[in-house]
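What follows is each chain in one-letter form.
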Amino acid sequence: MSATTGNSIEVGGQYWDAQLQVFDALESGEYDLVVFRTGYGGGKTLLGSDWILGTGLEVPDGHSLVLAPDRTKGGPATYKGFFERLPGENTVPDDGDGDPENSPIVAGYHGTKHRLTLLNGHVIQLGGADIWSRFAGTEFNAIWCDEVAHYGTTSLYDLHEMLVSRQRTEYGPNVTLWTSTGNGFNEFFDITEKQVDPDDTPLAWADRMEVVVGSSLENPFLNEKDKMRAQFEGTEREQQALHGGFAAAEGLVYSSFSRETHVCGPEAPNPLPKVRDGWRLYGYDYGHADPRVLLEIGKTRADQYVVLDEYYRERQAVEQLVGTWDGGRLVRPGWIQTRDKPPGEVYCDHEPEHIAKFRKAEFDAFAATKSLDEGIDEVRSILEVDTANEIPGLLVADDCTNLIQEFQSYKEDDVGSSRARDHAVDALRYAIMGDRYAEDDTPSGTGTW
């Protein structure tokens, strides 16, 4: 993209093939969301900055939005890259005598409000995705979201829904651009690779999204290719760092979990094993603003735990899970009845009313042991591969997608914080602690082979 002002000041430059594909998609009018996924040095910030500035010059008195993961992270990365693409000298604020108003296309810059105004009246707002709701009342011609895979506390589904509703301007282009490397198997992976919604069903708006994937090694303007090959080729991070693919996030709580070792089922590397008839263990997690989660766990002859099924629902009453009862009579079945779940011990988040309802449904329900450190250590121990028989202590059915995703995105830095997406792994932790540390000697399940 290039744009020229009335004074023949040009914005833009040279681009490589993947970037040109992105520009074509943005200008086609066929998409609400265009995604550019590439590795390090793929030119994400350059592309996003040039598109926003070019749109700003073409749409007088319009309004555009640039979102970084948050304003703290945005300063040295997204925002700095954006200011560097302004025509002129010393255009980066807080960099010596730098000031965006040194650019010949800028009329003013309000540093406190993070707002840039071009000479033609187009306003470019710089914001953070951590508090994206503050932009819900404004309409935008163009929106660029940078490093979307790192929007740790933001629901990308909610964010996209809000942004689409904000793009109904008269002059357009009314498109959102996402640029990012992969960062674990999170919502960015689900949307841009699997193209599924939170319930793992196909995205209703997938036909309004275009995903362009480019390898950084094909970028002719990248000078550090040899250095990057030496650092990343042949490592677990190669796809993410170089090719616009995905790898497990760094600093994971359960770093030993892998799809190749622990996931089982028809479409998985490992077959679903036979489990003991009637032996069942359950873990239940619930918070006021969190999803309601129940994991069903079996056990093999070799004493492997196998997570067989998961209930993971937002904004659903507990009766949708355990059924509605009138005295001892089931009035309306819930998930455990419609899916014919065998009774067993269930270790629950500390909600006495819910524990009572599980017991009414003929499950042996107990308050869970909630020690984080001990529980995490126990789950780590069952992820280990037994060297004697070369099998892990835990397998997860491949359709338990939320648990798998949490294993591959739950970070050490987020443990115990509101940032953590840990509801399914918490439910697993409760169940394993309950089975291994029951106060009595009764096994946590009944049945025969």
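Now for a look at the structure at hand. If you're wondering where the values come from, they're calculated on a predicted model, not measured in any experiment.

Definitions and limits used
Residues numbered from 1 in each chain as written. Predicted model: local features only at pLDDT ≥ 70, side-chain atom pairs only at ≥ 80, totals over all residues. Heavy atoms only, no water. Salt bridge = Lys/Arg side-chain N within 4 Å of Asp/Glu carboxyl O. Helix = DSSP H or I, 4+ residues; strand = E, 2+ residues; numbered from the N terminus. Buried < 20%, exposed > 50% of the residue type's maximum accessible area, 1.4 Å probe, protein only. Pairing = 2+ DSSP bridges. Contact = heavy atoms within 4.5 Å. Axes fitted to C-alpha atoms, helices over the stretch in contact; angles between N-to-C directions. Core = buried A, V, L, I, M, F, W, Y, C linked by side-chain atoms within 4.5 Å.

## Side note on the pattern of salt bridges
Stage number 1. Counted under the stated rule, the structure contains 22 salt bridges.
Stage number 2. Of the charged contacts in the structure, one is a salt bridge between Glu-412 and Arg-380, with a shortest N-O distance of 2.8 Å. On the criterion of sequence distance, the pair formed by Glu-412 in the loop between helix 13 (401–407) and helix 14 (423–436) and Arg-380 in helix 12 (residues 372–383) is long-range, its members being 32 residues apart.
Stage number 3. Exposure remark for Arg-380: the relative accessible area of 29% places this residue in the partly exposed category.
Stage number 4. A single salt-bridge network, built from bridges that share partners, covers Arg-280, Glu-296, Asp-309, Arg-339 and Lys-341.

## Examining the sheet that holds strand 21 (residues 394–397)
Stage number 1. Spatially, 11-21-14-13-12-17-18 is the arrangement adopted by the 7 strands of the open sheet, whose pairing is mixed. The open sheet has two edge strands, strand 11 (263–264) and strand 18 (364–367), and neither has a second partner.
Stage number 2. Pairing of strand 14 (residues 305–313) with strand 21, which is carried by 3 bridges, proceeds in the parallel orientation. Looking across to strand 21, one finds that Tyr-305 is bridged to Leu-394.
Stage number 3. Here helix 14 sits on the sheet in contact with strand 12 (281–285), strand 13 (292–299), strand 14, strand 17 (345–348) and strand 21, set at roughly 135 degrees to strand 12.

## Some thoughts on the sheet that holds strand 5 (residues 106–110)
Stage number 1. Strands sit in the order 5-6-7-4-8-9-3-10 across an open sheet of 8 strands; the sheet is mixed. Each edge of the open sheet carries a strand with a single partner, namely strand 5 and strand 10 (209–214). On average, each strand axis in the sheet is tilted by 15 degrees relative to the strand beside it, whichever way the strands run.
Stage number 2. Strand direction decides the pairing type here: strand 5 and strand 6 (residues 115–118), joined by 4 bridges, are antiparallel. The residue of strand 6 that forms the bridge with His-110 is Arg-115.
Stage number 3. Sheet strands touched by helix 2 (residues 44–58): strand 3 (33–38), strand 4 (63–68), strand 6, strand 7 (123–128), strand 8 (142–146) and strand 9 (175–180). Its angle to strand 8, the strand with the most contacts, is close to 165 degrees.
Stage number 4. The sheet strands contacting helix 5 (residues 187–194) are strand 3, strand 9 and strand 10, and the helix crosses strand 3 at an angle near 105 degrees.

## Some thoughts on helix 4 (residues 156–165)
Stage number 1. Within the sequence span of helix 4, burial applies to Leu-156, Tyr-157, Leu-159, His-160, Met-162 and Leu-163.
Stage number 2. The inward-facing, buried residues of helix 4 abut strand 3, strand 4, strand 8, strand 9 and helix 5.

## Overview of the pairing of strand 6
Moving residue by residue along a regular strand, the side chains alternate between the two faces of the sheet.
Stage number 1. What you see with strand 6 is a clean split: Leu-116 and Leu-118 sit on the buried side and Arg-115 and Thr-117 on the side with no burial.
Stage number 2. The turn joining strand 5 and strand 6, which pair antiparallel and follow one another in sequence, is formed by 4 residues; a positive phi near 55 degrees is taken by His-114.
Stage number 3. Linking strand 6 to strand 7, which pair antiparallel, is a turn of 4 residues; within it Gly-121 sits at a positive phi near 90 degrees.

## Focus on the environment of Ile-376
Stage number 1. Locating Ile-376 in the fold gives a position in helix 12.
Stage number 2. Through-space distance from the C-alpha of Ile-376 to that of Ile-432 is 9.8 Å; in sequence the pair is 56 residues apart.
Stage number 3. Not counting the four nearest positions on each side in its chain, Ile-376 is found in contact with Val-253, Tyr-254, Tyr-410, Val-415 and Arg-429.

## Thoughts on the environment of Asp-309
Stage number 1. Residue position: Asp-309 is located in strand 14.
Stage number 2. Linking Asp-309 and Glu-296, residues 13 residues apart in sequence, is a C-alpha distance of 5.2 Å.
Stage number 3. The residues touching Asp-309, leaving out its near neighbours within four places in the chain, are Leu-294, Leu-295, Glu-296, Trp-335, Arg-339, Lys-341 and Cys-400.

## A few points about the nonpolar core
Stage number 1. If you look at the biggest cluster of nonpolar residues, it comprises 36 residues, and the most contacted ones within it are Trp-51, Ile-105 and Ile-124.
Stage number 2. Ranked by size, the runner-up nonpolar core spans 35 residues in total, among them Tyr-254, Val-307, Val-379 and Tyr-410.

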